[in-house]
Amino acid sequence: MKKLTILLSIATAVAMSASLFAMGAKDSQESKKVVLTMGSWRADDVDQMNNLLAEYSKVAPNVHIDFKPTNPSDYNATLRLQLDSGTGPDLMYARSYATGQELYEAGFFADCTDIPGLMDNFSESNRAPWTTKDGKMFAVPFAAVSHGVYYNKSVFKKEGLSVPNTWEEFIQLCRTLQSKGYTPLANGVADEWDILECFFLGGVVPDYVGGAAERVQYEKGSKKLNDAAFVAAYQAMAEVAPYLPKGFEAVTYNDSQILFNTQKAVMFMDGSWTAGVYSDADFEWGVFALPAPKGRKTVICFHPDMALTMNTKTAHPEEAKAFLAWLCTKEGATTASRNLPVGYYPMIKYEIALEDAHANEFLSLNTGKDTDARFVWPALMDLYAPMNQAVISVIKGTQTPQQAADSVAARK
């Protein structure tokens, strides 16, 4: 009996030791897990990004990426404060063109040029927004967005209306809708940025001024920002003003979304990123390209919106670089496209099928048309604020189109 007791004690001790060893091994594995943080201005995308990062954890089980977004309007200032104080995220969204390049030149964004797949799997035009003058890449292109007019198909069908083919037809459509008691357009100006980025730069400017080839002429100074084309673009915004919601001065971007979603406005000039907001709408809707005036070609604003980069001061450069390299593969880009919000389009060379019908409808607007980034982004961001105020002044009637164009040209 005594011998049996001794044997049982030994067995128990061995079992406990094995259990403790296993627990120790598990704790050791957990302690080896690298945690990275990711900064972003897309505060609405927490669920989607967490899904994407969960998929990446299957590829790199010892890496956890914590998505920590900031409100869009606060992102630039917050990120700069974090980077200046040494508390910046390991990975972060990078804005295109000068805004992103400034942080690269300040030593915060890493040189991503040698990340596998980056130079081969993205076209030169899709790399351009995150390329320095000496050919260095400071981020991996992540997603582009498009712009167009959301419209209530149910109302169009009820009233026997058709999608307009010219600007003149678009204004006539607005006039007809108003005469029938509808609010034609949901756009307001309270948040300022959306009337500039979505309506003016996202539709009117490329239609009236032209696409990339024309934009470059303004950047070089060969064409003036108060020429006849630009004056006509501001005039177009003046023509839109009567068809905005009553009290449009106080209508926020969120208000505009609600006006369209509740069918209190028939159309809404906006970006593709909003498509998911109307996924549960109880009416049929679609999108069409804001048409150019008669005699001109309609140009689509297909804007390179966001890229991902890494912090030069990250404590885990290899893990951060590995994630960016994964986004440069077909597998990574496909996984991202499935988890990005509706209306964000992968920029990689591989053909990737989209599942959402409205996302494909938006993307189809590009077919057979020239596309370009928002006019001021590539080289004229110093004109963003004055152009924004000029557009709003024209809509409010406090400046004529000529005065608005002159006010912006004077800042160049």
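Residues numbered from 1 in each chain as written. Predicted model: local features only at pLDDT ≥ 70, side-chain atom pairs only at ≥ 80, totals over all residues. Heavy atoms only, no water.

> Before we move on, could you go through the sheet that holds strand E2 (residues 63-69) and cite the residues and values that matter?
An order of E2-E1-E3-E9-E4 is seen for the five strands of this open sheet, with the pairing classed as mixed. In this open sheet, the two strands that pair with only one neighbour each are E2 and strand E4 (140-145). Direction aside, the axes of adjacent strands within the sheet are offset by 25 degrees on average. Against the sheet, helix H2 (residues 46-59) engages strand E1 (34-40), E2, strand E3 (91-94) and E4, with an angle of about 165 degrees to E2. In the packing of helix H3 (residues 75-84) onto the sheet, the strands contacted are E1 and E3, and the crossing angle to E3 comes to about 140 degrees. (Pairing = 2+ DSSP bridges. Helix = DSSP H or I, 4+ residues; strand = E, 2+ residues; numbered from the N terminus. Axes fitted to C-alpha atoms, helices over the stretch in contact; angles between N-to-C directions. Contact = heavy atoms within 4.5 Å.)

> Could you give me a rundown of H2, with the residues and numbers involved?
If you check H2, its first and last C-alpha atoms are 20 Å apart, about what 14 residues at 1.5 Å a residue would give, namely 20 Å. Regarding H2, the residues found buried are Met-49, Leu-52, Leu-53 and Tyr-56. Buried residues along H2 cover an arc of 95 degrees about the axis, so they all sit on one side. Along H2, the residues that are exposed and aim more than 90 degrees away from the buried face are Asp-47 and Lys-58. Each element contacted by the buried residues of H2 is listed here: E1, E2, E3, E4, helix H13 (317-327) and helix H14 (330-339). (Expected span 1.5 Å × (residues − 1). Buried < 20%, exposed > 50% of the residue type's maximum accessible area, 1.4 Å probe, protein only. Arc of directions from axis to C-beta.)

> Break down the sheet that holds strand E5 (residues 147-152) for me, citing the residues and quoting the values.
The strand order E6-E5-E7 describes an open sheet built from three strands, whose pairing is antiparallel. Among the strands making up the open sheet, the edge pair consists of strand E6 (267-271) and strand E7 (285-288). The sheet shows a mean angle of 30 degrees between the axes of neighbouring strands, direction not considered. Along the sheet, helix H12 (residues 253-261) makes contact with E5, E6 and E7, crossing E6 at roughly 130 degrees.

> Give a detailed account of the pattern of salt bridges, specifying residues and quantitative values.
Inspection of every chain in the model, using the stated rule, returns twelve salt bridges. Across the pair Asp-111 and Lys-136 runs a salt bridge whose closest N-O atoms are separated by 3.7 Å. Residue Asp-111 is found in the loop between helix H4 (98-105) and helix H5 (118-121), and its partner Lys-136 is found in the loop between helix H6 (124-127) and E4; the two are separated by 25 residues along the sequence. Overall, the relative accessible area of 32% leaves Lys-136 in the partly exposed class. (Salt bridge = Lys/Arg side-chain N within 4 Å of Asp/Glu carboxyl O.)

> Account for unusual backbone geometry, naming residues and giving values.
With a phi close to 65 degrees, Glu-192 is a non-glycine residue in the positive phi region. The backbone of Gln-263 sits at a positive phi, close to 60 degrees, despite the residue not being glycine. Among the structural elements, Gln-263 can be located in the loop between H12 and E6.

> Tell me what's going on with helix H16 (residues 384-396), and back it up with residues and numbers.
An ideal rise of 1.5 Å per residue puts 18 Å on 13 residues; H16 measures up with 18 Å between its terminal C-alpha atoms. The element H16 is extensively covered by neighbouring structure, given that ten of its 13 residues are classed as buried. Buried within H16 we find Tyr-384, Pro-386, Met-387, Asn-388, Ala-390, Val-391, Ile-392, Ser-393, Val-394 and Ile-395. Immediately downstream of H16, the backbone of Gly-397 shows phi near 85 degrees, a positive value.

> Would you mind going over the packing of aromatic side chains in detail, with residue names and values included?
Each aromatic ring pair is summarised here by two numbers: the centre-to-centre distance and the angle between the ring planes. By the definition in use, this model includes 30 aromatic pairs. A ring pair is formed by Phe-323 and Trp-326, whose centres lie 6.1 Å apart and whose planes are at 35 degrees; its orientation type is tilted. One end of the pair, Phe-323, and the other, Trp-326, are both in helix H13, three residues apart, so they sit about a helical turn from each other. In this structure, Phe-323 and Trp-326 share a single accessibility class: buried. The structure contains a cluster of three or more aromatic residues connected by ring pairs, namely Tyr-150, Trp-193, Tyr-253, Phe-260, Phe-268, Tyr-278, Phe-283, Trp-285 and Phe-362. For the cation-ring pair, Arg-95 lies above Trp-41, with the distance from its terminal atom to the ring centre recorded as 4.0 Å. Its end group placed over the ring of Trp-377, Arg-374 keeps NZ or CZ at 5.0 Å from the ring centre. (Phe/Tyr/Trp six-rings, centres within 6.5 Å; stacked < 30°, edge-to-face > 60°. Lys NZ or Arg CZ within 6 Å of the ring centre and 35° of its normal.)

> Account for the nonpolar core, naming residues and giving values.
Membership of the largest hydrophobic core comes to 75 residues, with the highest contact counts inside it found for Met-38, Tyr-93, Phe-142 and Phe-323. Top contributing element to this core by residue count: H13, with six residues. Residues Tyr-151, Phe-200, Val-209 and Leu-383 belong to the second largest nonpolar core, which totals 59 residues. (Core = buried A, V, L, I, M, F, W, Y, C linked by side-chain atoms within 4.5 Å.)

> Explain the pairing of E5 residue by residue, including any values.
The element E5 is extensively covered by neighbouring structure, given that six of its six residues are classed as buried. Here E5 pairs with E6 via five bridges, running antiparallel. Bridging from a neighbouring strand, Tyr-150 pairs with Phe-268 of E6. Direction of pairing for E5 relative to E7: antiparallel, over a ladder of four bridges. Residue Asn-152 lies in a different strand from E7, and its bridge partner there is Trp-285.

Purely spatial values, then, with no claim about function.
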